[in-house]
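# Examination of the molecular architecture
Chain by chain, the residues run as shown.
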Amino acid sequence: MSEALVAVETAGTDASVPAASGARQFWRRLRAQRAALVAAAVVALLVLIALAAPLLTALEGQDPTTYHPSLIDSARGGVPVGSFGGVGADHWLGVEPQTGRDMFARLVYGARVSLGVALAATVVQVAIGVVVGVASALGSRWVDQLLSRATDIIVAMPLMIMSLALLAIVPSSFPRPVLVTLVIGLIAWGNIAKIVRAQTLSQKGLDYVSAARLSGWSTWRIARRELLPGLAAPVITYAALLVPTNISVEAALSFLGVGVKPPTPSWGQMLTAADVWYQAAPQYLLLPAGALFVTVLALTVFGDGVRTALDPRAASRLRIGTGRRDKGAHSDKEATA
């Protein structure tokens, strides 16, 4: 609530009403969702693996770019020597067909690229969306019209087609992970801008915002002190659901050959080369595909858990691990009937 409104309402009054911490309520609701907690643990483990990729590959004694031609059977077209794609003490998940590069090293380093691009692109999308949405809602009529039409154009743009076009014309000397991050972030911020604009417009008429305006606060101060805290819940919710989408987009772009380029490992790029070898060396396809599936599923479940924890009035779209909460809500309804 606005400092100005608090001062007016509490003038001449010494009594204070304790309020429950919003963060504490959020964690309590999130803990009640077992599936969201499991998904959060999986996401944390994946992030830890990505951050510790150099340490993990050092323990194995391998790296993601070194070729091992002695581990490839050239007579059979480049199939790894040995069972299960050359799995052994020196190569924990085997080696890559035709090149002999270590699969474990490429998988964990690929997690750094896929997760890093998705998280960084989400930050870019949220930053642009919040700025444009708040400026549109608080600006003059022509500013609102201009930014709203620009947002509509961004939303109408087909993400994959625009990304393919932009990535195809940029020189190959530009760092590809950075380029993919910027392309995704600069093209897909329209929806969050619309959400922020709608939420800001709904807060403009509230008492504490009006009190701040009557106190002579500037528009920037009102936005920073009064509106942005109220926007935290919808922005965090949407951002949590954006991350798995961005991982899928990065994987699709790399699969189509315009994303991350070799020898930099990426799960999508690994899938691109695996379509030729999935019969002779199925682990070459299954490992990156399984990593993508687990990551996207965990982030989706966790994002839905964050959404329902921040907005308990909204029912979960996923009926996984919500039995305890639903049962508790049903009991509350019976008690109040």
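Refer to the structure printed above.
All of the points below concern the structure found in this document. Quick caveat: nothing in here was measured; it's all calculated off a predicted structure. (Residues numbered from 1 in each chain as written. Predicted model: local features only at pLDDT ≥ 70, side-chain atom pairs only at ≥ 80, totals over all residues. Heavy atoms only, no water.)

### Some thoughts on the packing of helix 3 (residues 34-51) against helix 5 (residues 103-138)
We count it as follows: Angles run from 0 to 180 degrees between N-to-C directions of axes, and those axes are lines fitted to C-alpha atoms, restricted for helices to the stretch in contact. Secondary structure follows DSSP: runs of H or I at least 4 residues long count as helices, runs of E at least 2 residues long count as strands, and numbering of each begins at the N terminus. In what follows, roughly perpendicular refers to angles from 65 to 115 degrees, roughly parallel to angles under 35, roughly antiparallel to angles over 145, and oblique to any angle outside these ranges. By definition, turning the near helix anticlockwise from the far helix through less than a right angle yields a left-handed crossing, and turning it clockwise yields a right-handed one. Every residue pair with non-hydrogen atoms within 4.5 Å of one another is taken to be in contact.
For the pair helix 3 and helix 5, interaxial distance at closest approach is 8 Å and the crossing angle is 110°. For the element pair helix 3 / helix 5, the angle class is roughly perpendicular. Considering how the two elements wind past one another, helix 3 and helix 5 form a crossing that is left-handed. Two secondary-structure elements touch here, helix 3 through L46, V47, I49, A50 and L51 and helix 5 through V108, A111, R112 and L115.

### Some points on the nonpolar core
Applied cut-off: Here, the term nonpolar core denotes a set of buried Ala, Val, Leu, Ile, Met, Phe, Trp, Tyr and Cys residues that are joined through side-chain atoms within 4.5 Å. Burial status follows relative accessibility: with a 1.4 Å probe on protein chains alone, a residue under 20% of its type maximum counts as buried, one over 50% as exposed, and anything between as partly exposed.
I247, W267, Y284 and L292 are the most contacted members of the largest nonpolar core, which totals 26 residues. Put simply, the parts of the chain that give this core at least two residues each are helix 3, helix 5, helix 11 (219-255), helix 12 (267-274) and helix 13 (283-310). Here this core takes six residues from helix 13, the largest share from any one element. Those residues in contact with Y284 that sit more than four places away from it in its chain are E96, P97, M103, M270, A273, A274 and W277. By size, the runner-up hydrophobic cluster in this structure holds 15 residues, among which are Y208, W217, I222 and L227.

### Remarks on the environment of P69
Turning to its location among the elements, P69 is positioned in the loop between helix 4 (53-60) and strand 1 (72-73). Taking the C-alpha atoms as reference points, P69 and P80, separated by eleven residues in sequence, lie 9.3 Å from one another.

### Considering the packing of aromatic side chains
The test is simple: Any Phe, Tyr or Trp ring, taking Trp's six-membered ring, that has another such ring centre within 6.5 Å forms a pair; planes under 30 degrees apart are called stacked, those over 60 apart edge-to-face, and the others tilted. Any Lys NZ or Arg CZ found within 6 Å of a ring centre and within 35 degrees of that ring's normal is scored as a charge over the ring.
Taken as a whole, this structure holds two aromatic pairs when the rule is applied. Taking the centre distance of 5.2 Å and the plane angle of 65° together, the rings of F26 and W27 count as edge-to-face. Of the residues examined, F26 reaches a relative accessible area of 15% and is grouped as buried. Seen from their ring centres, W92 and F104 are 5.0 Å apart, and the 55° between their planes marks the pair as tilted. Taken together, the positions of W92 in the loop between strand 2 (79-80) and helix 5 and F104 in helix 5 put the pair twelve residues apart, joining distant regions of the chain. Under the relative-accessibility criterion, F104 is labelled buried at 13%. Here the guanidinium or amino end of R221 rests over the ring plane of W217, the centre of that ring lying 4.1 Å away.

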